[in-house]
Amino acid sequence: MKKIIKSTMLTAAILILPAMHAFAQRLRADEDGPKGQFMLYGSLDYSKTNAPGNHTSSFSTSPGAGIPLGLGYFINNNDLIGVNYAFSSQKQSATGYSMKQNEAGIWYSPSVMIGKYFLLIAQVDAHYVWGSQEIEAPGVPAREKFTGYRLRAYPMLGVLLGKGWALKFKFGELSNLMTKPSNGASTNNFVAGLSGATFGTGISKNFNFKKKH
């Protein structure tokens, strides 16, 4: 598992960084930037649909856990490392189906400036996944637990709002989600593309705890 995570992160960095250098600018080490600062980021999404005989609802860190909640640290003016957490919860009243999924892991994110107010950002996530879902058997509801992992790389566009705030727009994804129930075969969900299905939005805030001279 560790070898897969390291290989995925290294491959993504090798592919993403040269492309970013080609048409944008990374801050130099001696420039004024966010080095040494911390960043909190994430998104939340809630939806509910009422129909005759059926009510469905979902609550998550954006649909499908698209942008998780995270804490990062700027190791220099352009690169962050950190930890994050994502969750997804779904309910359907007609079938009695419910699902809860949690993810926690590490991430790496390089970025480049596009002009004064925009950032092109890449992010690589490696998550451990766990959760449960309720499957309605005839007369006997059963809750099934599952575990797995998610490996994911995706681009984002950042818009700087001032005072450490920024909007993040995720517009693509390359990922694999593997889940395995306690008594059953594993399932792999592979996603690759630039489309509405991979779109997500979030917000971030930088915090500077260094003393000003």
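Residues numbered from 1 in each chain as written. Predicted model: local features only at pLDDT ≥ 70, side-chain atom pairs only at ≥ 80, totals over all residues. Heavy atoms only, no water.

In terms of helices and strands, the protein chain carries one helix and 12 strands. The order of α-helices and β-strands along the protein chain, N terminus first, is α-β-β-β-β-β-β-β-β-β-β-β-β. Within the protein chain, the fraction of its 213 residues that count as buried is 41%. Taking contacts inside the protein chain between residues at least 6 apart in sequence as the whole, the part at least 24 apart equals 59%. Carbon and sulfur atoms form 63% of the exposed surface of the protein chain, whose accessible area is close to 12,300 Å². (Helix = DSSP H or I, 4+ residues; strand = E, 2+ residues; numbered from the N terminus. Buried < 20%, exposed > 50% of the residue type's maximum accessible area, 1.4 Å probe, protein only. Contact = heavy atoms within 4.5 Å. Areas by Shrake-Rupley, 256 points an atom, 1.4 Å probe, with all protein chains shown as cover.)

With that out of the way, let us pick up the side chain of glutamate 103. By secondary structure assignment, the location of glutamate 103 is in strand 6 (residues 97–114). Separated by 2.7 Å, the side chains of glutamate 103 and histidine 127 make a polar contact. (Polar contact = N/O pair within 3.5 Å; in protein donor to acceptor, adjacent residues only side chain to side chain.)

This part covers the packing of aromatic side chains. If you walk through the whole model with that rule in mind, you get six aromatic pairs. Ring geometry for tyrosine 41 and tryptophan 107: centres 5.3 Å apart, planes at 75°, overall edge-to-face. Within this pair, whereas tyrosine 41 is found in strand 1 (residues 38–42), its partner tryptophan 107 is found in strand 6, the two being separated by 66 residues in sequence. Residue tyrosine 41 is classed as buried on the basis of its relative accessible area of 9%. An aromatic cluster is built from Phe38, Tyr73, Phe207 and Phe209, whose rings are joined through pairwise contacts. The ring of tyrosine 154 has lysine 170 lying over it, and the distance from NZ or CZ to the ring centre is 5.5 Å. (Phe/Tyr/Trp six-rings, centres within 6.5 Å; stacked < 30°, edge-to-face > 60°. Lys NZ or Arg CZ within 6 Å of the ring centre and 35° of its normal.)

Let us look at unusual backbone geometry. The backbone of lysine 163 sits at a positive phi, close to 55°, despite the residue not being glycine. Take lysine 163: it is sitting in the loop between strand 8 (140–162) and strand 9 (165–171).

A separate point is the pairing of strand 4 (residues 69–74). Along strand 4, the buried face is formed by Gly70, Gly72 and Phe74; none of Leu69, Leu71 and Tyr73, which line the opposite face, is buried. Pairing analysis gives six bridges linking strand 4 to strand 5 (residues 79–92), with the strands arranged antiparallel. Following the sheet pairing, glycine 72 is matched in strand 5 by glycine 82. Taking the residues between adjacent antiparallel strands as the criterion, strand 4 and strand 5 are bridged by four residues. (Pairing = 2+ DSSP bridges.)

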